[in-house]
Structure formats: structure tokens, C-alpha cells
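For reference, the chains in residue letters:
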Amino acid sequence: MCIAVFKKCECGANTVQFHLRDNLLQPEVLTRLFCPSCPGDTAFDNNVMLSDNGWVIEYDMILAKGVVSRMNLVDPEQISPTYIFDQGYCAWLETYPGEQKDIKEEKEKILKLRDTDQHQYLKEIIAWNVNRLESLKDAGWRKAQAA
């Protein structure tokens, strides 16, 4: 069972849900979250931060490395914000923050076909997924790049 982890950005405008793969890391590993609208008064530090399309996640790397060391998963020196995010140990639940809200209307329109024309529904949902993923890759979202 996965724990639902929500983090509010520093300016308070957005709350994002995170996924903690295998519940390996605790929610406290997320120290701060900056949305593209958050004030830029904090210098970016790639030792503790990860940037994804204008969003910045700050991790407690002491906590993260301590957990990984105790579990002997990988060499603690390999643990970085990029590793934590890209391996899914603490990453967006969605491909990007707000994705479910953004796609709701588009998806509902296609889902209506499911009851009337399943063949057309399958064609459209597959095409929509492929095109959407390409669009997200082009936009530079990290999780899309790995898909």
C-alpha cells in the first residue's frame, strides 16, 4: 500500500501529490516544493534539488542517503535528487503536476465512445495517449522522457 503524500509549493498556490515507490522513503524526504510562480529567492542547488520544467523539488538528502545506506540498496554516493526522482522513489504521482485536471475534459470526450463504438474508442484513446506522450516529451517533462 502506498502512502498519499501531498506537498504545497512555497508560494501556497499549488498542492502536488507525490508517489513514494515501495514506501522506501518517508514523506519528510520532501523538504520544499517550488512551482514556476514561487518567488526565486532560493539559489538552485543540484546537490539537494531537482528541476522539472520550471518546478523545483528539494529533498532531504541526509535522510534519503541514510535510508538507502541502512537498506544496502545502492552505494549512497549514487543517491542524488535525479536518482530519487527518476527511479520513482519520490516523484510526481502524475507525469507532471496537475495532469489529471488538465486531461479530464479531453479524456471524458473519448471515453463517451466506449459505449457506442468500441473500435473507434480504442483507436482514439491509443492515438491520444501516443500524441500526448510525444507532446509531454517535447515539453521536457522528466517522467515523459523515461516512458
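All values reported here derive from a predicted model rather than from experimental measurement.

What counts, and at which threshold
Counting restarts for each chain: residues are numbered from 1 in the order of the written sequence. Predicted model: local features are reported for residues with pLDDT of at least 70 only, side-chain atom pairs are reported and counted for 80 or more only, and whole-chain, interface and lining totals are derived from all residues. For side-chain calculations, the full set of non-hydrogen atoms in the structure is used, while hydrogens and water are omitted. Under the DSSP-based scheme used, a helix requires at least four consecutive residues in state H or I and a strand at least two consecutive residues in state E, with every element numbered from the N terminus. When accessible area is computed with a 1.4 Å probe and restricted to protein chains, residues below 20% of their type maximum are described as buried, those above 50% as exposed, and intermediate ones as partly exposed. By definition, two strands form a pair when at least two bridges between them are found by DSSP. Think of each axis as a best-fit line through the C-alpha atoms, taken over the contacting stretch in the case of a helix, with angles from 0 to 180 degrees between the N-to-C directions. Between the first and last residue of a helix there are one fewer steps than residues, each counted as 1.5 Å, and that sum is the expected span. Here the arc refers to the directions that run from the helix axis out to each C-beta atom. The working definition used for a salt bridge is a side-chain nitrogen of Lys or Arg within 4 Å of a carboxyl oxygen of Asp or Glu. Note that the term roughly parallel is reserved for angles under 35 degrees, roughly antiparallel for angles over 145, roughly perpendicular for angles of 65 to 115, and oblique for everything else. If you view the pair so one helix is near and one far, a crossing is left-handed when the near helix is turned anticlockwise from the far one by less than a right angle, and right-handed when it is turned clockwise. Working rule for contacts: check all heavy atoms of both residues, and any pair within 4.5 Å makes them a contact. Each residue receives one of three labels: charged for Asp, Glu, Lys and Arg, nonpolar for Ala, Val, Leu, Ile, Met, Phe, Trp, Tyr, Cys and Pro, and polar for the others, Gly being one of them.

**Some thoughts on the environment of Met 71**
Assignment of secondary structure puts Met 71 in helix H1 (residues 61-71). According to the relative accessible area criterion, Met 71 is partly exposed, its value standing at 47%.

**Some thoughts on the sheet that holds strand S3 (residues 30-34)**
Strands sit in the order S3-S5-S4 across an open sheet of 3 strands; the sheet is antiparallel. Of all the strands in the sheet, the pair left with one neighbour each is S3 and strand S4 (49-52). Strand-to-strand twist of the sheet, defined as the mean angle between neighbouring strand axes without regard to direction, takes the value 15°. Pairing geometry for S4 and strand S5 (residues 55-59), over 4 bridges, is antiparallel. The residue bridging Leu 50 from the neighbouring strand is Ile 57, located in S5.

**Some remarks on helix H5 (residues 118-139)**
Here H5 is 22 residues long and its end C-alpha atoms lie 31 Å apart, about the 32 Å a rise of 1.5 Å per residue gives. When H5 is considered as a whole, its buried residues turn out to be Tyr 121, Ile 125, Trp 128, Arg 132 and Leu 136. Each buried residue of H5 sits inside an arc of 65° when the element is viewed along its axis, so together they form one side. Exposed side of H5, more than 90 degrees from the buried face: His 119, Ile 126, Asn 131 and Asp 138 are the residues found there.

**Considerations on the pattern of salt bridges**
Enumeration according to the criterion identifies 5 salt bridges in this entry. One salt bridge connects Arg 32 with Glu 58, and the closest N-O pair in it is separated by 2.9 Å. Taken as a pair, Arg 32 in strand S3 and Glu 58 in strand S5 lie far apart in primary sequence, 26 residues in all. Note on Arg 32: relative accessible area 24%, which makes it partly exposed.

**Concerning the packing of helix H3 (residues 99-111) against H5**
Relative orientation of the contacting elements H3 and H5 amounts to 155°, with a least axis distance of 10 Å. In this view, H3 runs roughly antiparallel relative to H5, as classed from their interaxial angle. Handedness of the H3/H5 crossing: right-handed. Counted together, Glu 99, Ile 103, Glu 106, Lys 107, Ile 110 and Leu 111 of H3 and Tyr 121, Glu 124, Ile 125, Trp 128, Arg 132 and Leu 136 of H5 form the full contact between these two elements. Classifying every residue of the contact of H3 with H5 gives 7 nonpolar, no polar and 5 charged.

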